[in-house]
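Descriptive analysis of the structure
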Amino acid sequence: MARAQKEIPARFLYDQRGSELFEQITGLDEYYLTRTEIGLIEAHGAEIGGHVGRGLTLVEFGSGSSAKTPPFLRAIGAAAYVPIDISAGFLTQAAADVRAAVPGLSVHPLAGDFTKALTLPADVADTPKLGFFPGSTIGNMTAAEAVDLLRAFRETLGKNAPLVIGIDLKKSADILEPAYDDSRGVTAEFITGILRRLRDDLGADLRREDWSYRSFWNADRGRIEMHVRADVDTSIALGEDRWTIAAGETLHISNSHKYSVEESAILARASGFQQVKCWTDPDALFSLQLWRM
Ligand code: AVJ
């Protein structure tokens, strides 16, 4: 009998060390996503501003360090900014950084889980909103989960708010696979970091050296899959529980779904949005899209 695939949710990757490693990933040669998206924001920010109008409240879902947001806030002439993140510590620093980078902007951070409908700060209650979801974070989810998330965004934003979303495009496995298995091994360290968390944070008994990183493009499911794989028969003990793991078996840690422009239009429609515009770089690696409700 086939054993059920063991899974660990990707959010456990983003502790302090994990967040630092992801930051390093965004600067890797093979990881084209971040620099391509920044290029798209620089090239088309003013045009996006022309579509949505000036003086909006920008609501960013999963703002993290907000590092790439100030150029976008300036380009669209935003009046206010609501960064939303689960980590309150990150948010305070990010809010201070953005205030310093964009004088005159009113900043109202909101600590919370953006996968649920949230009540925005009272200061911006009656202002027109623009949602912002960069980084192809949507790719972490299955399409079904993405639809639920995007519907929650509609509730959080209120009626008739547009959304600017960064979505990584389908492309050759020769480009996709190195982006998730870089030559310096940073992604491998990021994903296998889950073992470090199991051991150090949860007190699990495991042999780190029995495991290695495996990732691959799954064309049928339209995603990069990231796993940690047992190289030999091994086990993980946690409290009273002990799992035996056969050589070759994996823990499925994370996915990065990719969409064509047409597939992302369907994702928009299934979530109650319409794709209005889609900007891509000359190599069609990444897309920045404007959606309306
Ligand atoms: C933050 C979800 C956009 O899927 O490209 C990068 C996460 N994981 N390398 C991505 C990630 C390993 C990243 N996202």
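Everything below is about the structure printed above this text.
Residues numbered from 1 in each chain as written. Predicted model: local features only at pLDDT ≥ 70, side-chain atom pairs only at ≥ 80, totals over all residues.

Describing the sheet that holds strand 9 (residues 223-230)
Here 4 strands make up an open sheet; going across it, the order is 1-12-9-8 and the pairing mixed. Edge positions in the sheet fall to strand 1 (6-7) and strand 8 (211-218), since each has one partner strand and no second. Judged from the 8 bridges that link them, strand 8 and strand 9 form a sheet pairing that is antiparallel. Bridge pairing in strand 9 places R214 opposite H227. (Pairing = 2+ DSSP bridges. Helix = DSSP H or I, 4+ residues; strand = E, 2+ residues; numbered from the N terminus.)

A look at the packing of helix 2 (residues 33-52) against helix 3 (residues 69-76)
Orientation of helix 2 relative to helix 3, taken along the N-to-C sense of each, is 40 degrees, at an axis distance of 8 Å. In terms of axis orientation, helix 2 runs oblique to helix 3. Crossing angle aside, the handedness with which helix 2 passes helix 3 is right-handed. Residues I41, E42, G45, A46, I48, G49 and V52 of helix 2 pack against P71, F72, A75 and I76 of helix 3. Among the residues forming the contact of helix 2 with helix 3, the class breakdown is 8 nonpolar, 2 polar and 1 charged. (Axes fitted to C-alpha atoms, helices over the stretch in contact; angles between N-to-C directions. Parallel < 35°, antiparallel > 145°, perpendicular 65-115°, else oblique. Left-handed = near helix turned anticlockwise from the far one by under 90°. Contact = placed C-beta atoms within 7 Å. Nonpolar A, V, L, I, M, F, W, Y, C, P; charged D, E, K, R; others polar.)

Topic: the pairing of strand 13 (residues 274-280)
Inspection of the sheet shows strand 13 paired to strand 14 (residues 286-292) by 6 bridges, in the antiparallel sense. Following the sheet pairing, Q275 is matched in strand 14 by W291. Joining the antiparallel neighbours strand 13 and strand 14 is a turn of 5 residues, in which A284 adopts a positive phi near 50 degrees.

Some words on the pairing of strand 9
The buried count for strand 9 comes to 6 of 8 residues, which makes it a mostly enclosed element. Hairpin connection, strand 8 to strand 9: the antiparallel pair is bridged by 4 residues, and G222 has positive phi, about 65 degrees. (Buried ≥ 20, exposed ≤ 12 C-beta atoms within 10 Å, placed from the backbone.)

What to know about the site of the ligand
Around the ligand, a shell composed of I25, L33, G135, S136, T137, G139, N140, Y180, T187, F190, S254 and S256 is seen. Residue composition of the shell around the ligand, by class: 4 nonpolar, 8 polar and no charged. (Near = placed C-beta within 6 Å.)

Details of helix 3
Along helix 3, the residues that are buried comprise T69, F72, L73 and I76. Projected down its long axis, helix 3 carries its buried residues within an arc of 100 degrees, all on one side. Against the buried residues of helix 3 lie helix 2, strand 2 (57-61), strand 3 (80-85) and helix 4 (88-101). Once helix 3 finishes, G77 follows within two positions and takes phi at roughly 60 degrees, a positive value. (Arc of directions from axis to C-beta.)

Regarding unusual backbone geometry
At N160, a position not held by glycine, the phi torsion is positive, near 65 degrees. Its location among the elements puts N160 in the loop between helix 5 (143-157) and strand 7 (163-168).

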